[in-house]
Protein chains: 2
Amino acid sequence: MPAVSDCKDMLDSETKAVETPEDHAEELRLWLRLLTCTTLIEGEVRGRLRQRFDVTLPRFDLMAQLDKAPDGMTLSDVSKRMMVSNGNVTGLVERLVESGHLDRRTSETDRRVQVIRLTKLGRAEFRRMASEHETWIADLFADLTPKDVRELMRLLAKTKASAQKSAARRKP
Amino acid sequence: MPAVSDCKDMLDSETKAVETPEDHAEELRLWLRLLTCTTLIEGEVRGRLRQRFDVTLPRFDLMAQLDKAPDGMTLSDVSKRMMVSNGNVTGLVERLVESGHLDRRTSETDRRVQVIRLTKLGRAEFRRMASEHETWIADLFADLTPKDVRELMRLLAKTKASAQKSAARRKP
DNA sequence: GGAAAACATTTTAGGCTTAAAATAATTTGG
DNA sequence: CCAAATTATTTTAAGCCTAAAATGTTTTCC
């Protein structure tokens, strides 16, 4: 049963709008559940990548970005796509170049820019891992019906848009 | 329109069940979208906590767990709840004890066990941060209707159960 | 043209995170 | 009882990650 004041705003004795301390417990629970799901799946994927291929999740993610860009990407692009800091990408790339998975060169038209690509080895290894990775994801989501998946996609798109709007409000 | 083979298994010319390389692109896209949402919101919350209260997200999360347990928790409990490694909790606790937010003592009935609690200061600071934190979350999810929230809660519960089942299959 | 602003990247300092090994305490099964 | 197994925690080594400052390059705009 609803509590006494179930409305968004109240009118006080002088008929002036008053901010009610609103209850956002549901949104909070939703956020925690979202975080739990992601942490759970991420941990599982991380563990399988390590055990099966001895590779870390961030390296896999970086290679996944590059696999979609045959002509390479700049570090900034990668950083935006992966939603991590520039400095973070610098370090990841360094290690993947060292291990022979990535190729890095300075752009000829703008000497500030570094362009990175998968090497032949990098692409081959990534493809091998990615196909197994896909089956893990399928297994992790196995109990969802196609309708569940569609519905989640829709609601998460809405969530993403809402969060982006909120983030933009903070730093315009 | 569906491709030629839209079924889960095929019967080959000798009427034997054959594994078709299935297409799990939808689940993959769902996973990436889930990850994007979480990363986006997490980054926003992390930034606000830092700017507004000069506190890190993991410290806030740890305090949140303890706020719900007035009698304290063991490190193992905390580690399970937060879904992070034991060693990670050891370090976090160390820093929060140092700063005066946490109280740590060895259990009297089992000398292996460490019990931690919020100090008066820790609880006061957490409550102050938590109430503002709740408004950030509400704002981040502001465009979702109550129905969207309910539906997401339901689908994420299903997702969590599915992932847990899959994780259990791997390491029984 | 050249100073100032903008941009891409790297460096730095500090904190977070994990997996695995080590340590210490308790429980279990002969 | 006590050796072996289990449990809770800490330590270790390596990598990830961020924000902020520093560096080098290009663009803007007077």
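Thresholds, definitions, all that
- Per-chain numbering applies: the sequence of each chain, read as written, is numbered from 1 onward.
- Key to labels: chains lettered from A, ligands numbered from 1, both in the order written.
- Only residues with pLDDT of at least 70 are given local features in this predicted model, and only at 80 or more are side-chain atom pairs given and counted; all residues enter the totals for whole chains, interfaces and linings.
- Note that the side-chain values use all heavy atoms of the structure and ignore hydrogens as well as water.
- By convention in these notes, a residue is near a molecule or strand provided one of its non-hydrogen atoms lies within 4 Å of it.
- Here a polar contact means two N or O atoms within 3.5 Å. Within protein one must be a hydrogen donor candidate and the other an acceptor candidate, and residues neighboring in sequence count only if both atoms are side-chain atoms.
- The helix count covers DSSP runs of H or I at least four residues long, the strand count covers runs of E at least two residues long, and both are numbered beginning at the N terminus.
- For this classification, Asp, Glu, Lys and Arg are treated as charged, while Ala, Val, Leu, Ile, Met, Phe, Trp, Tyr, Cys and Pro are nonpolar and the rest, including Gly, are polar.
- We superpose the copies by least squares over the C-alpha atoms of residues that have a pLDDT of at least 70 in both of them.
- Note on aromatic contacts: the rings of Phe and Tyr and the six-membered ring of Trp form a pair at centre separations within 6.5 Å, being stacked when their planes are under 30 degrees apart, edge-to-face when over 60 apart, and tilted otherwise.
- Note on exposure labels: buried denotes an accessible area under 20% of the residue type's maximum, exposed denotes more than 50%, and partly exposed covers the range between, all computed with a 1.4 Å probe on protein chains only.
- Any two residues having at least one pair of non-hydrogen atoms within 4.5 Å are treated as being in contact.
- Two parts placed together each lose some accessible area; with a 1.4 Å probe, that loss summed over both constitutes the buried area.
- Every case where a carboxyl oxygen of Asp or Glu lies within 4 Å of a side-chain nitrogen of Lys or Arg is listed as a salt bridge.
- Paired strands are those between which DSSP finds at least two bridges.
- Note on geometry: axes are lines fitted to C-alpha atoms, helical ones only across the stretch in contact, with angles between N-to-C directions running from 0 to 180 degrees.

Q: Help me understand the protein's contact with DNA strand C, please; the structure alone is not making it clear to me.
A: In the neighbourhood of DNA strand C, 24 residues make up the surrounding shell, with Ser76, Asn86 and Thr90 of chain A together with Ser85 and Arg95 of chain B lying closest. Considering DNA strand C, the proportion of its atoms within 4 Å of the protein that are sugar or phosphate atoms stands at 82%. Residue Ser76 of chain A places a side-chain N or O atom 2.3 Å away from a phosphate oxygen belonging to DNA strand C. A distance of 3.0 Å separates a base oxygen of DNA strand C from a polar side-chain atom of Arg112 of chain A. Mapped by element, the contributors of at least two residues to the surface near DNA strand C are α3 (75-82) and α4 (86-98) of chain A together with α2 (57-67) and α4 (86-98) of chain B. It is α4 of chain B that contributes the most residues to the surface near DNA strand C, four residues altogether. Classifying every residue of the surface near DNA strand C gives six nonpolar, 10 polar and eight charged.

Q: Would you mind showing me how to read the relation of the copies chain A and chain B here?
A: Two copies of a chain can be linked by a rotation about an axis combined with a shift along that same axis. You can overlay chain A on chain B at an RMSD of 0.0 Å; the transform is a turn of 180 degrees with a shift of 0.0 Å along its axis. Both copies of the chain, as the preceding transformation shows, are related through a two-fold rotation axis.

Q: What's the story with the packing of aromatic side chains in this structure? I'm lost.
A: For any two aromatic rings, the description comes down to two numbers: the centre-to-centre distance and the angle of the planes. Residue and element names in this part refer to chain A. This model, assessed by the stated rule, comprises four aromatic pairs over all chains. On the basis of an interplanar angle of 40 degrees and a centroid distance of 5.2 Å, the ring pair of Phe60 and Phe126 is categorised as tilted. Of this pair, Phe60 sits in helix α2 (residues 57-67) while Phe126 is found in helix α5 (residues 120-140), placing the two residues 66 residues apart along the sequence. Judged on exposure class, the residue Phe60 and its partner Phe126 are both buried.

Q: Sorry, what's going on with the interface of chain A and chain B here?
A: When the parts of a complex come together, some accessible area is lost, and that lost area is often used as the size of the interface. Across the contact, 57 residues belong to chain A and 57 residues belong to chain B. Both faces combined, the contact of chain A with chain B buries some 6,000 Å², and carbon together with sulfur accounts for 70% of it. The shortest N-O distance in the salt bridge between Arg169 of chain B and Asp139 of chain A comes to 3.0 Å. At the junction of chain A and chain B, the tally comes to 27 residue pairs in polar contact (both at pLDDT 80 or more). Mapped onto the side of chain A that touches chain B, the elements with two or more residues apiece are α1 (25-53), α5 and α6 (146-170) of chain A.

Q: Could you clarify how one ought to interpret the side chain of Thr159 of chain A in this entry?
A: Note that Thr159 of chain A resides in helix α6. Only 2.8 Å separates the side chain of Thr159 of chain A from the backbone oxygen of Leu155 of chain A, close enough to count as a polar contact. Here Thr159 of chain A is in contact with Cys37, Ile41, Leu140, Phe141, Leu144 and Leu152 of chain B, once residues within four sequence places are set aside.

Q: It is not clear to me how the sheet that holds strand β4 (residues 102-106) of chain A should be interpreted in this structure. Could you clarify?
A: All names here are of chain A. Taken together, three strands build an open sheet; the order of strands is β3-β5-β4 and the sheet is antiparallel. At either end of the open sheet lies a strand with only one pairing partner, and these are β3 (73-74) and β4. Both β3 and strand β5 (residues 114-118) contribute to a ladder of two bridges, which runs antiparallel. Paired with Met73 across the strands is Ile116, a residue of β5. Helix-sheet contacts for α2 involve β3, β4 and β5, and the interaxial angle to β5 is about 95 degrees.

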